[in-house]
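Residues per chain, in single letters:
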Amino acid sequence: MKEYFKPVRRFQKPQHPFDIGGAYSWWPGNYDRHFLHNVYERRESEFKKFYQYHLTYFLNVNPGTDEGTFYKKIRRTVEDGITRLIQEDKPNSKSHPPPLVTLNTYPGLTHKKQ
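**Comments concerning the overall build of the protein**
A count of helices and strands for the protein gives four helices and zero strands. Starting at the N terminus, the α and β elements of the protein follow one another as α-α-α-α. For the protein, the exposed area adds up to about 9400 Å²; of that, 55% sits on carbon and sulfur atoms.

Okay, structure coming up:
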């Protein structure tokens, strides 16, 4: 099994802010979720460094692999994460919160005053 992301070492604090996971949640099956969580915490200006950090780790621990393999994994992980978010966002369900503001709340924004 290939290692794609640099995890936090078990029972230790992260050595770098880009390390994924938690010191006590160490099951490799959750690495994709931890990766996405870390992506959500990043600013857009950090994406390139974040990608490069994990790519370097991937290439070091998986000799004979290439960036294409890593990129496909990242792309699949992000697509799956987006799909999961869309499936969880069910606007007609009872658990979905109502909109905070509707346009009818501010009629001045929808109609010109005469």
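**Section: the confidence of the model for the protein**
Overall, the prediction assigns the protein a mean pLDDT of 76, with 67% of residues at 70 or greater. Here helix α4 (residues 107–110) is the element of the protein with the lowest mean pLDDT, 49, and helix α2 (residues 47–61) is the one with the highest, 93. Overall, residues 109–114 carries pLDDT values under 50, and its contacts beyond four positions in sequence, including any with other chains, amount to one contact.

**Let's talk about the packing of helix α1 (residues 31–41) against α2**
The geometry of α1 relative to α2 is characterised by a closest axis approach of 10 Å and an angle of 150 degrees between their N-to-C directions. With respect to each other, α1 and α2 are oriented roughly antiparallel. Where α1 crosses over α2, the two elements pack in a sense that is right-handed. Contacts between α1 and α2 involve Phe 35, Asn 38 and Val 39 from the first element and Phe 47, Phe 50 and His 54 from the second.

**Concerning the nonpolar core**
Core analysis: the biggest nonpolar cluster contains 14 residues, and Phe 5, Phe 35 and Phe 70 have the highest contact counts within it. Breaking this core down by element, the ones donating at least two residues are α1, α2 and α3 (67–88). Beyond its immediate sequence surroundings of up to four residues, Phe 35 is in contact with Phe 5, Ile 20, Phe 50, His 54, Ile 74 and Thr 77.

**A short note on the environment of Tyr 57**
Assignment of secondary structure puts Tyr 57 in helix α2. Overall, Tyr 57 belongs to the buried group, its relative accessible area being 15%. The contacts of Tyr 57, once residues within four sequence positions are left out, are Glu 3, Tyr 4, Phe 5, Lys 6 and Pro 7.

**Side note on the side chain of Asp 19**
Here Asp 19 shows up in the segment before α1. Take Asp 19: its relative accessible area is 4%, and that puts it in the buried class. Within polar-contact distance, the side chain of Asp 19 engages the side chain of Tyr 53 at 2.4 Å. Those residues in contact with Asp 19, other than ones at most four positions away along the chain, are Lys 6, Pro 7, Val 8, Pro 14, Asn 38 and Tyr 53.

**What about the environment of Gly 81?**
As for its placement among the helices and strands, Gly 81 is situated in helix α3. Measuring from C-alpha to C-alpha, the distance between Gly 81 and Arg 33 comes to 7.8 Å, with 48 residues separating the pair along the chain.

**Section: the pattern of salt bridges**
Per the stated rule, a full pass over the model turns up four salt bridges. Close ionic contact of Lys 73 with Asp 32 constitutes a salt bridge, the shortest N to O distance being 3.1 Å. Here Asp 32 lies in helix α1 and Lys 73 lies in helix α3, a separation of 41 residues in the sequence. Of the residues examined, Lys 73 reaches a relative accessible area of 12% and is grouped as buried. For Asp 32, a relative accessible area of 27% translates into the label partly exposed. The residue Glu 46 makes a salt bridge to Arg 42 at a minimum N-O spacing of 3.6 Å.

Rules behind the numbers
- Residues numbered from 1 in each chain as written.
- Predicted model: local features only at pLDDT ≥ 70, side-chain atom pairs only at ≥ 80, totals over all residues.
- Heavy atoms only, no water.
- Helix = DSSP H or I, 4+ residues; strand = E, 2+ residues; numbered from the N terminus.
- Areas by Shrake-Rupley, 256 points an atom, 1.4 Å probe, with all protein chains shown as cover.
- pLDDT = per-residue confidence, 0-100.
- Contact = heavy atoms within 4.5 Å.
- Axes fitted to C-alpha atoms, helices over the stretch in contact; angles between N-to-C directions.
- Parallel < 35°, antiparallel > 145°, perpendicular 65-115°, else oblique.
- Left-handed = near helix turned anticlockwise from the far one by under 90°.
- Core = buried A, V, L, I, M, F, W, Y, C linked by side-chain atoms within 4.5 Å.
- Buried < 20%, exposed > 50% of the residue type's maximum accessible area, 1.4 Å probe, protein only.
- Polar contact = N/O pair within 3.5 Å; in protein donor to acceptor, adjacent residues only side chain to side chain.
- Salt bridge = Lys/Arg side-chain N within 4 Å of Asp/Glu carboxyl O.

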